[in-house]
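The lines below spell out each chain.
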Amino acid sequence: MLVVPLSWAGSINAESDWNQNNAIERARQQIPADTTISGEKCTTIEVGLGNTRYRCRVHFTDPQ
């Protein structure tokens, strides 16, 4: 019988009122150890009165 290790992927969301880089860094801090970042996507949200919020998603996969 052939046993193939399972591969998995996921994503983490984070937000920041400061800037996009801060939102990305917050998301990166939450990814599991020994995974590989496979992509990042950010959106800018206008929350009124000239205020902006940054929402970023970091995608990751296991290192296999």
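The rules behind the values
Residues numbered from 1 in each chain as written. Predicted model: local features only at pLDDT ≥ 70, side-chain atom pairs only at ≥ 80, totals over all residues. Heavy atoms only, no water. Helix = DSSP H or I, 4+ residues; strand = E, 2+ residues; numbered from the N terminus. Buried < 20%, exposed > 50% of the residue type's maximum accessible area, 1.4 Å probe, protein only. Contact = heavy atoms within 4.5 Å. Areas by Shrake-Rupley, 256 points an atom, 1.4 Å probe, with all protein chains shown as cover. Pairing = 2+ DSSP bridges. Axes fitted to C-alpha atoms, helices over the stretch in contact; angles between N-to-C directions. Core = buried A, V, L, I, M, F, W, Y, C linked by side-chain atoms within 4.5 Å.

### Observations concerning the overall build of the chain
And then number 1: In terms of helices and strands, the chain carries one helix and three strands.
And then number 2: Going residue by residue from the N terminus, the α and β elements of the chain occur as β-α-β-β.
And then number 3: With 64 residues in all, the chain has 22% of them scored as buried.
And then number 4: Long-range contacts, defined here as pairs at least 24 residues apart, represent 53% of the contacts in the chain between residues at least 6 apart.
And then number 5: Of the roughly 4,800 Å² that the chain leaves accessible, carbon and sulfur atoms contribute 50%.

### Here we look at the sheet that holds strand β1 (residues 9-16)
And then number 1: An order of β1-β3-β2 is seen for the three strands of this open sheet, with the pairing classed as antiparallel. On the outer flanks of this sheet lie β1 and β2 (36-48), each paired with one strand and no other. Here the strands of the sheet are splayed against their neighbours by 15° on average, with no regard to which way each runs.

### Brief notes about the nonpolar core
And then number 1: Residues Ile12, Ala14, Ala23, Ile24, Ala27, Ile31, Tyr54, Cys56, Val58 and Phe60 constitute the largest nonpolar core, which totals 10 residues.
And then number 2: Mapped onto this core, the elements with two or more residues apiece are β1, α1 (20-28) and β3 (51-61).
And then number 3: Among the elements that make up this core, the one with the highest residue count is β3 (four residues).
And then number 4: If sequence neighbours within four positions are ignored, Ile31 has contacts with Ile12, Ile37, Val58 and Phe60.

### Section: the environment of Pro63
And then number 1: Secondary-structure assignment places Pro63 in the segment after β3.
And then number 2: Its relative accessible area of 57% is what places Pro63 among the exposed residues.
And then number 3: For the pair Pro63 and Ala9, spaced 54 residues apart in sequence, the C-alpha separation works out to 9.9 Å.

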